[in-house]
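# Understanding the architecture of this molecule
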Amino acid sequence: MNDKDIFDFINANFTMRNNADCFSKLNCFVDAMHRGQYYPITDEEIHRGVEYKKAEGKALLKALDPIIPDKDKKLAEAMVETFCNQSLQQFLYYNHSYENRNNLVQQEISE
């Protein structure tokens, strides 16, 4: 590990710690989503929860760095990015669709 790897690992750890509460809410949201139900969560909490997962994935890649062939390292990092970006879009779409379908956004505004 070089200095950049250590810095990246510490940064990922910091990101994970700051977003742990949102990741917990995101897990509840995803559990509800799988059952066709709803768990109230903001777009910001979704973003931060996904950032937690992305940082976790990148930290895992750093830990596995010695056994990942050099030619596959960029692909592995791209896979983490793609997975997180696709998950983020799916979560936001479900959240907005559910809120719009059930008029939850309008209820919050009128309260």
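As a reminder, the structure under discussion sits directly above these lines.
Keep in mind that what you see is a predicted model, and the values were worked out from it rather than measured.

A few words on the packing of aromatic side chains. Two descriptors summarise a pair of aromatic rings, namely the distance from one centre to the other and the angle between the planes of the rings. The tally for this structure, following the rule as stated, stands at five aromatic pairs. Centre to centre, the rings of Tyr38 and Tyr98 are 4.8 Å apart; their planes meet at 5 degrees, and the pair counts as stacked. With Tyr38 in the loop between helix 1 (3-34) and helix 2 (43-63) and Tyr98 in helix 3 (residues 70-101), this pair connects stretches of sequence that are 60 residues apart.

Generally speaking, nonpolar side chains in soluble globular proteins are found buried as a group. Among the nonpolar cores identified, the biggest contains 18 residues, and Leu26, Phe29, Ile46, Val50 and Phe91 are the most heavily contacted of them. Among the elements of the structure, helix 1, helix 2 and helix 3 are those that each provide at least two residues to this core. Looking at this core, the element that brings in the most residues is helix 3, giving eight residues. In this structure, Phe91 is in contact with Leu26, Phe29, Val30, Met33, Ile46 and Val50, ignoring residues within four places of it in sequence.

Another point: the packing of helix 2 against helix 3. As a packed pair, helix 2 and helix 3 sit with axes 10 Å apart at the nearest point and diverge in direction by 160 degrees. By the angle between their directions, the pair helix 2 and helix 3 is classed as roughly antiparallel. With respect to the hand of their crossing, helix 2 and helix 3 are arranged in right-handed fashion. Taking contact as the criterion, the partners of Asp43, Ile46, His47, Val50, Lys53, Lys54, Gly57, Lys58 and Leu61 in helix 2 are, on helix 3, Ala76, Glu77, Val80, Glu81, Cys84, Asn85, Leu88, Phe91, Leu92, Asn95 and His96. Residues of the contact of helix 2 with helix 3, tallied by class, amount to nine nonpolar, five polar and six charged.

Turning next to the side chain of Asn19. Mapped onto the elements of the fold, Asn19 is located in helix 1. Looking at Asn19, the relative accessible area reads 9%, which means it is buried.

Conventions and cut-offs
- Residues numbered from 1 in each chain as written.
- Predicted model: local features only at pLDDT ≥ 70, side-chain atom pairs only at ≥ 80, totals over all residues.
- Heavy atoms only, no water.
- Phe/Tyr/Trp six-rings, centres within 6.5 Å; stacked < 30°, edge-to-face > 60°.
- Helix = DSSP H or I, 4+ residues; strand = E, 2+ residues; numbered from the N terminus.
- Core = buried A, V, L, I, M, F, W, Y, C linked by side-chain atoms within 4.5 Å.
- Buried < 20%, exposed > 50% of the residue type's maximum accessible area, 1.4 Å probe, protein only.
- Contact = heavy atoms within 4.5 Å.
- Axes fitted to C-alpha atoms, helices over the stretch in contact; angles between N-to-C directions.
- Parallel < 35°, antiparallel > 145°, perpendicular 65-115°, else oblique.
- Left-handed = near helix turned anticlockwise from the far one by under 90°.
- Nonpolar A, V, L, I, M, F, W, Y, C, P; charged D, E, K, R; others polar.

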